[in-house]
Amino acid sequence: MGAGADGARPRGLGSGEQQGGGPAGAAGDGGGQGLGGMPATAGRDGGRPGPAGGPRVAAGSNGSAGPGGAGGGPAGPGGSRGTGPSPDDGSPMQHWGTAMVALLVGAFMALMDSSIVNVAIPTLEHVFGVDTAQVQWVVTIYLLSLGVVVPTSGWLGDRLGFKRLYMLSMLVFIIGSALSAMSLSLPFLIGARVLQGLGGGMIMPTTMAMMYRLVPRDRLGIASGVFGIGMLLAPAIGPTLGGWLVQYVNWRWIFTVNVPIGVAGLVLSAAVLPEFGARDAGDFDLWGFVTSASGLFCLLLALTEAPTWGWGAQPTVWLLFVSGLSLISFVWIELSVQRPLLDLRVFRYTSFAASLVYIIGLSVALFAGAFYIPVFLQLVRGMGALRTGLILMPGALASGIMMPVAGRLYDRIGPRPSVLAGSVILAVSTFLMREISLETSAQTIALWMAFRGMGMGLAMMPAMTAGMSVIPVEQVGRASAINNILQRVAGALGIAVLTVLLDRSQAQQTVALAAQFTPGSPRGLALQGLLQGMTQVLHLPQGVGLEEIAGYVQGIAFTRSMDGVFVLLAVIAAISIVPVFFIRKASALSRAPAAAPAAVAAGAARAPAAAPAPFVME
């Protein structure tokens, strides 16, 4: 059946039901049960249901329709294989499991690369003979490339088709990875990372846009749970795998590993992803692109370099000024043009806006926690990259376990219960991490990270999915781009601001601790007494010098300051609960395509598209 006046989604063929007086044909061979218990679409000889009370029409493999009898009539011009509803007309697939695997490969690869390079920074300094400030551009340029390209993903998806854009993005990413692995100089490596960033920046919003168009509304929870495993597991696996490759293999393999994964993803995508036909994307919003690209580039660069340059430094001030001016101009342009690059009018959907506010707070807690714990373990506790990654791994595994659980809860009872439970767990576990000290065992830190992972797994994807579920299908690509941009900016902003607070607190703590060991203090009347006291308190080896003592004092100061940061992160996580009460998922039957095909007579062309169905909120 086509979408009726109530906006109902077409049901899978072979269900044996009749709708609106139109007979439902029996599934041909190849029909059966879909992934996750969904009824499958018609098999090889099946067709697509016709208009209410009318004959069925068989759909060819390219989505074209032709006349056919019930359950096995001759196919139309498109071929002999019936595919059922097509993402091109806004209808979800029933066999979406293998397509999700193809999307997960690309997302996993792009997200893992965002963290796998960090552990190789010291090695790259030695290989290329440069300092930390120079080699840091290997990481920074990737982030900047993402910020520039993500706003264009929605328009390019409509113009080229999302499958074609996804495969092109993976190809660019693979080429960038191969060139990075072959780099003989730092400038060449930075240029190759630009290619990686351009490809990786397109992958995430494109995969999300396809997922929300492929999966039936009533199965979005479990699908987003599976997809979310890659979103949280990949950044955690990155440092562990990167540490092992750098330590035991070769630093070039942190880039080479993407090549076979990417090629496998390309082959799988070509085989299982349905075609997403190009839409009328309109003219390219050039000024919208210029203002968004310049605004995000300057903002992300300022946030990344401000802790080094200083917030009052002239480069930082100028970057923030240009960024603010560009982004204000961008908002004005996007609200003025008829076909904007990013349709900011999606914020009129309350659930979408509330979910973004919540995800911003969650992103700050997620990225900041993932940033400071590795710094503490490696720089203060002196652990290697591999061991650090293994300590962080329980958090990623806990997230991976809980995300499918959260997905099933979302499908059954909606997003709020799991999001609220996850938020509470995240806030409490983050607050517990204020107890971290130089004596805290690795097992205790791993346990706290596991609790944080549980909370993140329960909260993130249900909130994001509920927000996206109310967006009309033709705006999903643009909304997905907005979602990705705000997540990245929130993470960068959170780390930048919290680092400033941490540095100031560390300076104060260092002065306070050093004052206890001055020659004039009761504990520092004699140097020998000072050394003995420090040896007993900090368990230092005999004969330690003042330089080592200063290092331990700085370690204590950093740890105490980090504890204060975790208290602030716990408060942010708790406050983020407020917008959860405004998040509601759309009804399974409420979101119809904006251009559902009208009745198709035998051999006739498609009629003009129907108007969008109204939104019915649960």
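Starting from 1, residues in each chain are numbered consecutively following that chain's sequence as written. Side-chain atom pairs in this predicted model are given and counted only at pLDDT of 80 or more, local residue features only at pLDDT of at least 70, and totals for whole chains, interfaces and linings cover all residues. Just so you know, side-chain values use all the structure's heavy atoms and leave hydrogens and water out.

**Focus on the overall build of the chain**
Of regular secondary structure, the chain possesses 19 helices and two strands. Each residue is assigned to one of three classes by its accessible area relative to the maximum for its type, calculated with a 1.4 Å probe on protein chains only: buried under 20%, partly exposed between the two thresholds, exposed over 50%. Taking all 618 residues of the chain together, the buried fraction comes to 54%. Here the open area of atoms and residues is found with the Shrake-Rupley method and a 1.4 Å probe, where only the protein chains shown may cover a residue. Accessible surface, the chain: about 25,100 Å² in total, of which carbon and sulfur atoms supply 66%. In DSSP terms, a helix is any run of H or I states spanning at least four residues, a strand is any run of E spanning at least two, and both are numbered starting from the N terminus.

**Focus: the pattern of salt bridges**
We count a salt bridge whenever a side-chain nitrogen from Lys or Arg sits within 4 Å of a carboxyl oxygen from Asp or Glu. Enumeration over the complete set of coordinates arrives at five salt bridges. With a closest N to O distance of 3.1 Å, Asp158 and Arg478 form a salt bridge. You can see Asp158 sitting in helix H5 (residues 153-160) and its partner Arg478 sitting in helix H17 (residues 476-515), a full 320 residues away along the chain. The two residues Asp158 and Arg478 agree in class, both being buried. With a closest N to O distance of 3.1 Å, Arg434 and Glu435 form a salt bridge. Accessibility expressed as a relative area gives 27% for Arg434, which makes it partly exposed. A relative accessible area of 45% places Glu435 in the partly exposed class.

**Some points on a nonpolar patch on the surface**
Patch members must show over 30% relative accessible area and no salt bridge, and they are joined within 9 Å when carrying like charges or within 5 Å when they are nonpolar side chains of Val, Leu, Ile, Met, Phe, Trp or Tyr. On the surface, Trp311, Leu320, Leu493, Val497, Leu501, Leu568, Val571 and Ile575 cluster together into a nonpolar patch covering about 630 Å² of accessible area. Mapped onto the nonpolar patch, the elements with two or more residues apiece are H17 and helix H19 (546-575). Tracing the backbone shows Leu568 in helix H19. For Leu568, a relative accessible area of 34% translates into the label partly exposed.

**A word on helix H2 (residues 121-128)**
Within the span of H2, buried status applies to Ile121, Leu124, Glu125 and Phe128. Down the axis of H2, the smallest arc covering the buried residues is 105°, so these residues share one side. Facing away from the buried side of H2 by over 90 degrees, the exposed positions are Pro122 and His126. Where H2 is buried, its residues touch helix H3 (132-135), helix H4 (137-149) and helix H7 (186-214). As used here, the arc belongs to the directions running from the helix axis to the C-beta atoms. Every residue pair with non-hydrogen atoms within 4.5 Å of one another is taken to be in contact.

**What to know about the packing of H5 against helix H6 (residues 162-181)**
To get an axis, a line is fitted to the C-alpha atoms, and for a helix only the part in contact is used. The angle between two axes follows their N-to-C directions and goes from 0 to 180 degrees. With their axes 6 Å apart at the nearest point, H5 and H6 run at an angle of 120° to one another. On the basis of the axis angle, H5 is oblique to H6. Along the contact surface, H5 presents Ser153, Gly154, Leu156, Gly157, Asp158 and Leu160, while H6 presents Phe162, Arg164 and Leu165. Counted by class, the contact of H5 with H6 contains four nonpolar, three polar and two charged residues. With respect to orientation, any angle under 35 degrees is reported as roughly parallel, any angle over 145 as roughly antiparallel, any angle of 65 to 115 as roughly perpendicular, and every other angle as oblique. For this scheme, ten residues count as nonpolar: Ala, Val, Leu, Ile, Met, Phe, Trp, Tyr, Cys and Pro. Four count as charged, namely Asp, Glu, Lys and Arg, and the remainder, Gly too, count as polar.

**Section: the packing of aromatic side chains**
Between 30 and 60 degrees the pair is tilted, below 30 it is stacked and above 60 it is edge-to-face, where a pair is any two Phe, Tyr or Trp rings, Trp via its six-membered ring, whose centres lie within 6.5 Å. Applying the stated criterion across every chain yields a total of six aromatic pairs. With 5.7 Å between their ring centres and 50° between their planes, Phe284 and Phe289 make a pair best called tilted. Plain terms: the ring middles of Trp318 and Phe321 are 5.9 Å apart, the flat faces sit at 90° to each other, and that makes the pair edge-to-face. Here Phe321 and Trp318 lie together in helix H12 (residues 314-334), a separation of three residues that amounts to about one turn. Put simply, the rings of Phe128, Trp251 and Phe255 touch in pairs and so form one group of aromatic residues.

**As for the side chain of Thr430**
With respect to the secondary-structure elements, Thr430 resides in helix H15 (residues 416-432). Classification of Thr430 as buried rests on a relative accessible area of 0%. The residues touching Thr430, leaving out its near neighbours within four places in the chain, are Arg452, Phe566, Leu569 and Ala570.

**A closer look at the packing of helix H1 (residues 97-116) against H7**
Running from N to C, H1 and H7 point in directions that differ by 145°, and their axes come no closer than 9 Å. Handedness of the H1/H7 crossing: left-handed. Residues Ala99, Met100, Leu103, Gly106, Ala107, Met109, Ala110, Leu111 and Asp113 of H1 form the contact with H7, whose participating residues are Arg193, Gln196, Gly200, Ile203, Met204, Thr207, Met210, Met211 and Leu214. Of the residues belonging to the contact of H1 with H7, the class tally is twelve nonpolar, four polar and two charged. Two helices crossing with the near one rotated counterclockwise from the far one by less than a right angle form a left-handed crossing, whereas a clockwise rotation gives a right-handed crossing.

**Remarks on the nonpolar core**
We define a nonpolar core as any set of buried Ala, Val, Leu, Ile, Met, Phe, Trp, Tyr and Cys residues linked to one another through side-chain atoms lying within 4.5 Å. By size, the foremost hydrophobic cluster in this structure holds 108 residues, and its most contacted members are Phe227, Phe352 and Tyr358. Residues within four places of Phe352 in sequence aside, it is in contact with Val346, Phe347, Gly467, Met468, Val470, Ile471 and Ala479. Grouped together as the second largest cluster of nonpolar side chains are 24 residues, Tyr372, Leu377, Leu392 and Ile436 included.

**Concerning the confidence of the model for the chain**
Here the chain averages 75 in pLDDT, while 73% of its residues score no lower than 70. Per residue, pLDDT captures the predictor's confidence, and it can take any value from 0 to 100. Contacts for the low-pLDDT stretch residues 588-618, under 50 throughout, to residues beyond four places or in other chains number 67 contacts.

**Thoughts on the side chain of Ser145**
By secondary structure assignment, the location of Ser145 is in helix H4. Apart from residues no more than four positions distant in its own chain, Ser145 is found in contact with Val194, Gly197 and Leu198.

**A word on H6**
Taking 1.5 Å of rise per residue, 20 residues should cover 28 Å, and H6 covers 28 Å from first to last C-alpha, within 8% of that figure. Within H6 the residues assigned to the buried category are Phe162, Lys163, Leu165, Tyr166, Ser169, Met170, Phe173, Ile174, Gly176, Ser177, Ser180 and Ala181. Here a helix's expected span is defined as the number of its residues, less one, multiplied by 1.5 Å.

**A few points about the environment of Phe276**
Topologically, Phe276 is positioned in the loop between helix H10 (258-272) and helix H11 (286-309). Judged by its relative accessible area of 3%, Phe276 falls in the buried class. Measuring from C-alpha to C-alpha, the distance between Phe276 and Gly161 comes to 5.0 Å, with 115 residues separating the pair along the chain.

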